[in-house]
Protein chains: 2
Amino acid sequence: MSSTHSGPNPGGPSSSVAVHSAGNVRKINFCQWCGGPTKHEIPDGEEKIRAICTVCDKIAYENPKMVVGCLIEHDNMVLLCKRKIQPSYGLWTLPAGYMEIGESATEGAIRETWEEACAEVEVLSPFAQLDIPLIGQTYVIFLARLKKPHFSPGPESSECRLFSLDDIPFDSLAFSSMVVTLKLYAEDVKAGQLKFHYGIINKKPGTSPSDIHAYTLDYHLQS
Amino acid sequence: MSSTHSGPNPGGPSSSVAVHSAGNVRKINFCQWCGGPTKHEIPDGEEKIRAICTVCDKIAYENPKMVVGCLIEHDNMVLLCKRKIQPSYGLWTLPAGYMEIGESATEGAIRETWEEACAEVEVLSPFAQLDIPLIGQTYVIFLARLKKPHFSPGPESSECRLFSLDDIPFDSLAFSSMVVTLKLYAEDVKAGQLKFHYGIINKKPGTSPSDIHAYTLDYHLQS
């Protein structure tokens, strides 16, 4: 357990879906199944306030979301996409997005890479899990390789480009999660050994979400 | 990428919350924010059918849930809890449960271990990510150690016990995810090197959820 880096802030999703901040149970006013009004109480045997339907008694649980993506290595370069959507319009990201119900993390990462970079990839190994508690997101990033040397911007990207490690645009990345992932990757490449990394990205208090370098990487563990 | 094991089926959560099957958008009939009725359509720019509010236009996304837990090593034994709740009442599990909004995976795993085994642990390293697409769950398991040699059953457990690797009750485990995790761990210990494992647990078609050995572990990757 160690703390490294002081770079970017908690990033939003790097893909198809807009940034959602962490859940707020008080905003759940109705039951999505029966339409009944909710009450906000701690259910029997639990510890946290939940939205409970006053008609059918169902509880609306809110849980963190997984954002899955690929770090694609090709000829000692990595593939980045320039975002053509908000948030972080015009900034660079790994292809990534929310994991969907019914798919695995690898399937999701491959799908997002196809949607954002029109690239067919093979996933090689897990590279990082980065939790961002403030916004209820967990990034799961896999190392991958291009099956064919082809890529082009999908509907949410204005440009896709391979960058050598020395040329990664660290000040023009879309999210803190991307700064952390690419820094860890560059360090591992320099050290000659790729590892699996776990860490918690905590935003520095009082800083703007757009300040991608205002974060700490806490509880950094490696396998 | 390889496929190993033929053991248990997609496991439910190993903890505080009942098994939820993977989301079904058709069951979302009302907007949880404004109470308006939903329609079920593919939103502009998306690919999947979503529940969209006909009043406020908000989309109700459903995403997989993370189940976080600890594999606690103590004197060459591992700590298991006997479940005192459904599902899988009376069967053995690692302490684990749904990750909550606002916490990290390690915080959640430590919390669940405290709740289910009254044990204070230090997380040592990430051990496994196991996706179960059929039920929309991803297990994230960490290796951990007891800070003090004390544990006792919490309200959801009838018993907590240390098992040597040869004595793990593989036929009385609560979920397939636990069979997979403990098999991978036993193999790593035998080989003399603990790794990080990623895999997809797919249930064999036509088998019962309670048949914990009716699964395949697909897309097994290691770091």
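Cut-offs applied
Counting restarts for each chain: residues are numbered from 1 in the order of the written sequence. Think of it this way: whatever chain is written first is A, whatever ligand is written first is 1, and the rest follow in order. pLDDT decides what is reported in this predicted model: residues at 70 or higher carry local features, side-chain atom pairs at 80 or more are listed and counted, and totals for whole chains, interfaces and linings draw on all residues regardless. Hydrogens and water are ignored here; the side-chain numbers use all heavy atoms of the structure. Should any heavy atoms of two residues lie within 4.5 Å, those residues are counted as being in contact. What gets called buried area is simply the loss in accessible area from a 1.4 Å probe that two parts show on being joined, summed for both. By salt bridge we mean one thing: a side-chain nitrogen of Lys or Arg within 4 Å of a carboxyl oxygen of Asp or Glu. Here a polar contact is recorded for every N or O atom pair within 3.5 Å, except that within protein the pair must consist of a potential hydrogen donor and a potential acceptor, and residues adjacent in sequence are included only if both atoms are side-chain atoms. Helix and strand assignments come from DSSP, with helices taken as H or I runs of at least 4 residues and strands as E runs of at least 2, each series counted from the N terminus. Each residue receives one of three labels: charged for Asp, Glu, Lys and Arg, nonpolar for Ala, Val, Leu, Ile, Met, Phe, Trp, Tyr, Cys and Pro, and polar for the others, Gly being one of them. Any cysteine sulfur atom paired with another within 2.5 Å is treated as part of a disulfide. For the least-squares superposition of copies, only C-alpha atoms count, and only for residues with pLDDT at least 70 in both. The classification of residues rests on relative accessible area computed with a 1.4 Å probe and restricted to protein chains. Under 20% of the type maximum is buried, over 50% is exposed, and intermediate values are partly exposed. Start and end positions for the domains come from either an automated domain assignment or a database one. Here the rule is simple: two strands pair whenever DSSP picks up at least two bridges between them. Between the rings of Phe, Tyr and Trp (Trp by its six-membered ring), a pair exists once the centres lie within 6.5 Å; its type follows the angle of the planes, with under 30 degrees stacked, over 60 edge-to-face, and the other angles tilted. A positively charged side chain is recorded as over a ring if its NZ (Lys) or CZ (Arg) lies within 6 Å of the ring centre. The angle to the ring normal must also be within 35 degrees. Expected helix span is given by 1.5 Å per residue-to-residue step, counting one fewer step than there are residues. Within this analysis, the arc is defined by the directions that extend from the helix axis to the C-beta atoms.

(A) The interface of chain B and chain A, seen in detail. Residue-level contacts link 54 residues of chain B with 54 residues of chain A. Between chain B and chain A lies a buried interface of about 4,500 Å² when both sides are counted; carbon and sulfur atoms form 58% of it. If you look at where chain B meets chain A, you find four salt bridges. Among the ionic pairs, Glu-100 of chain B bridges to Lys-48 of chain A, the shortest N-O distance being 3.9 Å. On inspection of chain B and its partner chain A, the count reaches 21 residue pairs in polar contact (both at pLDDT 80 or more). With seven residues, strand β9 (residues 121-132) of chain B is the single largest residue contributor to the side of chain B that touches chain A. Taken together, the residues of the side of chain B that touches chain A break down into 28 nonpolar, 15 polar and eleven charged.

(B) Up close: the state of the cysteines. This model, assessed by the stated rule, comprises zero disulfides over all chains. Left unpaired, Cys-34 of chain A is separated from the closest cysteine sulfur, that of Cys-53 of chain A, by 3.5 Å. Of the cysteine sulfurs around Cys-56 of chain B, a residue in no disulfide, the closest is that of Cys-53 of chain B, at 3.7 Å.

(C) Structural detail: the relation of the copies chain B and chain A. For the pair chain B and chain A, the superposition axis carries a translation of 0.0 Å, the fit reaches an RMSD of 0.0 Å, and the rotation angle comes to 180°. The superposition operator between the copies reduces to a two-fold rotation axis. Identified as the residue of chain B closest to the rotation axis by C-alpha distance is Gln-32 of chain B, at 2.5 Å. In this assembly the copies share their binding face: 100% of the residues contributing to the interface of chain B also contribute to that of chain A.

(D) Highlighting the pattern of salt bridges. One pass over the full model with this rule turns up 20 salt bridges over all chains. Note that Arg-111 of chain A and Glu-103 of chain A form a salt bridge whose closest N and O atoms lie 2.7 Å from each other. For Arg-111 of chain A, a relative accessible area of 22% puts it in the partly exposed group. Of the charged contacts in the structure, one is a salt bridge between Arg-161 of chain B and Glu-159 of chain B, with a shortest N-O distance of 3.1 Å. Residue Glu-159 of chain B is classed as partly exposed on the basis of its relative accessible area of 27%. The network of salt bridges with shared partners includes Glu-46, Lys-48 and Arg-50 of chain A together with Glu-100 of chain B.

(E) Expanded view of the domain arrangement of chain A. When the domains of chain A are assigned, the result is domain 1 (2-18 + 64-222) and domain 2 (27-60). Its C-alpha centre places domain 1 of chain A at a distance of 35 Å from the equivalent point of domain 2 of chain A.

(F) How the structure looks around the side chain of Thr-38 of chain A. Residues and elements named next belong to chain A. Note that Thr-38 resides in strand β2 (residues 38-41). The class for Thr-38 is buried, based on a relative accessible area of 14%. Within the structure, the side chain of Thr-38 is placed 2.8 Å from the backbone oxygen of Ile-28, a separation counted as a polar contact.

(G) Here's a closer look at the sheet that holds strand β3 (residues 50-53) of chain A. All names here are of chain A. Taken in spatial order, the three strands of this open sheet run β2-β3-β4, and their pairing is antiparallel. Edge positions in the sheet fall to β2 and β4 (59-60), since each has one partner strand and no second. One ladder, built from four bridges, connects β2 with β3; its direction is antiparallel. Note that in β3 the partner of Lys-39 across the bridge is Ile-52.

(H) Representation of the packing of aromatic side chains. Summed over the entire model, instances satisfying the criterion amount to seven aromatic pairs over all chains. Between the aromatic rings of Trp-92 of chain B and Phe-163 of chain B, the centroid separation amounts to 4.9 Å while the plane-to-plane angle is 85°, which identifies the pairing as edge-to-face. Taken together, the residues Trp-92 of chain B in strand β7 (residues 92-93) and Phe-163 of chain B in strand β11 (residues 157-164) connect sequence positions 71 residues apart. Overall, the relative accessible area of 6% leaves Phe-163 of chain B in the buried class. Its guanidinium or amino end placed over the ring of Tyr-98 of chain A, Lys-65 of chain A lies 6.0 Å from that ring's centre, counting from NZ or CZ.

(I) Representation of helix α1 (residues 105-117) of chain A within the structure. Residues and elements named next belong to chain A. For α1, which comprises 13 residues, the first-to-last C-alpha distance of 18 Å matches the rise-based estimate of 18 Å (1.5 Å per residue) to within 8%. Turning to α1, its buried residues number three or more, namely Ala-105, Thr-106, Gly-108, Ala-109, Glu-112, Thr-113, Glu-116 and Ala-117. When α1 is viewed along its axis, its buried side chains cluster within an angular range of 160° and face the same direction. Following α1 by one or two positions, Cys-118 adopts a phi angle in the positive range, close to 45°.

(J) Main features of the environment of Ile-168 of chain B. Residues and elements named next belong to chain B. Mapped onto the fold, Ile-168 is located in the loop between β11 and α2 (176-191). Measuring from C-alpha to C-alpha, the distance between Ile-168 and Ile-85 comes to 21 Å, with 83 residues separating the pair along the chain. Those residues within four positions of Ile-168 in sequence are excluded, and the remaining contacts are Val-78, Phe-163 and Leu-182.

(K) A look at the pairing of strand β10 (residues 137-146) of chain A. Residues and elements named next belong to chain A. Most of β10 sits inside the fold, with nine of its ten residues counted as buried. Bridge count between strand β5 (residues 65-74) and β10: nine bridges; the pairing is parallel. The residue bridging Met-66 from the neighbouring strand is Thr-138, located in β10. Summarising the sheet, strand β9 (residues 121-132) and β10 pair through ten bridges and their orientation is antiparallel. Bridging from a neighbouring strand, Val-123 pairs with Ala-144 of β10. Hairpin connection between β9 and β10: a loop of four residues separates the two successive antiparallel strands, and Gly-136 in this loop has a positive phi of roughly 65°.

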